[in-house]
Amino acid sequence: MPNIIDKAIGIMPEHLSVYGKRSSLLASNIANANTPGYKARDIDFRAALAQAGGEQMALKTTRGNHIADAGSTMSGPEILYRTPLQPSLDGNTVDSQQEKARFTENAIRYQSTLTFLGGKFTSLKLAIKGE
Amino acid sequence: MSLFNIFSISGSAMSAESLRLNTTASNLANAQSIGSSEATTYRAKNPVFAAMMQSLQGDNVSFGVEVKGVVDSTTPLETRYQPEHPMANEEGYVFLPNVNVVDEMANMISASRAYQSNVEVLNTSKQLMMATLRLGQ
């Protein structure tokens, strides 16, 4: 049964998690718009998703008495630095307008994934009830 | 849940920006606070911002804003020869604060705009979280 539900909702939870992480990064960029020396950062959504959906980076065990790792959680999406269009004197590379636009875009993507996910749940409910 | 982080990030930024607004208000209010010596005259105050690591939870690195402190401006004070002024020193000079009103106005607008952006970020995140909580209902 959980398998059916997992199949129905697909990779959407990973989408949501990556969008959530990205929105927190973009929020830090906006928050630090006036912090000297702060470098704006972002994640590459496609790469992050590939990592979230693909296999986890696991340590290989070559001997019987090696301890297998429990799945590394430190290997998250790679956080990259933005190339500033207009570098400022204090070393800050936040472009408020850009960051705000990206934050809004990210929020809408999150929202739409949520809507899709909600739709999946609605149809699952309909199927369960047999209506 | 990374969205929870945003509350502390934007919250710290809002408090930092409101502190900047506060120092600006203090500077503008004291722009004409004439003193009789270099030591007792008001000096323009500026907050120092720094990025503060909010969380290093696995892959999630985000930064809030930390106020490192408020420093006095080191710009030299303006002296004016005004022997009839009650605050004048023995040589007849008064000291004017090193507050640049134009700078302060620009600072004020910048701080209020930044505050607004953070409020918007907070609001959007709140709506997203509420929508997530309502998922499947």
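Parameters at a glance
- Residues numbered from 1 in each chain as written.
- Chains lettered and ligands numbered in written order.
- Predicted model: local features only at pLDDT ≥ 70, side-chain atom pairs only at ≥ 80, totals over all residues.
- Heavy atoms only, no water.
- UniProt positions renumbered as here; feature names shortened; annotations may be inferred.
- Helix = DSSP H or I, 4+ residues; strand = E, 2+ residues; numbered from the N terminus.
- Contact = heavy atoms within 4.5 Å.
- Areas by Shrake-Rupley, 256 points an atom, 1.4 Å probe, with all protein chains shown as cover.
- Phe/Tyr/Trp six-rings, centres within 6.5 Å; stacked < 30°, edge-to-face > 60°.
- Buried < 20%, exposed > 50% of the residue type's maximum accessible area, 1.4 Å probe, protein only.
- Lys NZ or Arg CZ within 6 Å of the ring centre and 35° of its normal.
- Salt bridge = Lys/Arg side-chain N within 4 Å of Asp/Glu carboxyl O.
- Axes fitted to C-alpha atoms, helices over the stretch in contact; angles between N-to-C directions.
- Parallel < 35°, antiparallel > 145°, perpendicular 65-115°, else oblique.
- Left-handed = near helix turned anticlockwise from the far one by under 90°.
- Nonpolar A, V, L, I, M, F, W, Y, C, P; charged D, E, K, R; others polar.

Under the annotation held in an unreviewed UniProt entry, chain B carries the name Flagellar basal-body rod protein FlgC and is attributed to Thiogranum longum. The heading Sequence similarities (unreviewed entry) in the UniProt record of chain B holds the text "Belongs to the flagella basal body rod proteins family."

Taking an unreviewed UniProt entry as the reference, chain A is identified by name as Flagellar basal body rod protein FlgB belonging to Thiogranum longum. In the Subcellular location (unreviewed entry) part of its UniProt record, chain A is described as follows: "Bacterial flagellum basal body". The heading Function (unreviewed entry) in the UniProt record of chain A holds the text "Structural component of flagellum, the bacterial motility apparatus. Part of the rod structure of flagellar basal body."

**A look at the overall build of chain A**
In terms of regular secondary structure, chain A is built from four helices and two strands. In chain A, the succession of α and β elements from N to C terminus is α-α-β-α-β-α. Within chain A, contacts between residues separated by at least 24 positions form 79% of all contacts whose residues are at least 6 apart in sequence. For chain A, the accessible surface area stands at approximately 8200 Å², while carbon and sulfur atoms represent 59% of it.

**Observations concerning the packing of aromatic side chains**
Evaluation of the coordinates by the stated rule reveals four aromatic pairs over all chains. When the ring of Y19 of chain A is compared with that of F45 of chain A, the centres are 4.7 Å apart and the planes differ by 5 degrees; the resulting orientation is stacked. Taken together, the residues span a long stretch of sequence, with Y19 of chain A in helix α2 (residues 12–31) and F45 of chain A in helix α3 (residues 45–53) at a distance of 26 residues. On the basis of relative accessibility, which here comes to 6%, the residue Y19 of chain A falls in the buried class. Taking 6.5 Å as the distance between ring centres and 45 degrees as the angle between the ring planes, the aromatic pair formed by F4 of chain B and F7 of chain B counts as tilted. Of this pair, F4 of chain B and F7 of chain B both sit in helix α1 (residues 2–29), three residues apart, which is roughly one turn of the helix. Residue class for F4 of chain B comes out exposed when judged on its relative accessible area of 54%. What makes F7 of chain B partly exposed here is its relative accessible area of 33%. Taking NZ or CZ as reference, K45 of chain B lies 4.9 Å from the ring centre of Y42 of chain B, over its face.

**Structural notes on the pattern of salt bridges**
Side chains that differ in charge, positive against negative, can pair when their charged atoms come close. According to the stated counting rule, one finds eight salt bridges over all chains in the structure shown. With a closest N to O distance of 3.8 Å, R43 of chain B and E38 of chain B form a salt bridge. K45 of chain B is paired through a salt bridge with D72 of chain B; the nearest N and O atoms lie 2.9 Å apart. Residue K45 of chain B is found in strand β1 (residues 45–57), and its partner D72 of chain B is found in strand β2 (residues 60–72); the two are separated by 27 residues along the sequence. When salt bridges that share partners are traced, they join R22, D42, R82 and E99 of chain A into one network.

**With respect to the packing of α2 of chain A against helix α4 (residues 96–129) of chain A**
Residues and elements named next belong to chain A. In the contact formed by α2 and α4, the axes pass within 9 Å of each other and the chain directions differ by 160 degrees. Regarding the angle of α2 to α4, the classification is roughly antiparallel. Note that α2 runs across α4; the crossing there is left-handed. Of the residues in the contact of α2 with α4, the class split is 11 nonpolar, six polar and seven charged.

**What about the UniProt feature "domain: Flagellar basal-body/hook protein C-terminal" (unreviewed entry) in chain B?**
The positions that UniProt labels "domain: Flagellar basal-body/hook protein C-terminal" (unreviewed entry) are, in the present scheme, residues 92–135 of chain B. Measuring from the first to the last C-alpha atom of residues 92–135 of chain B gives 74 Å, for a span that is 75% helix and 9% strand.

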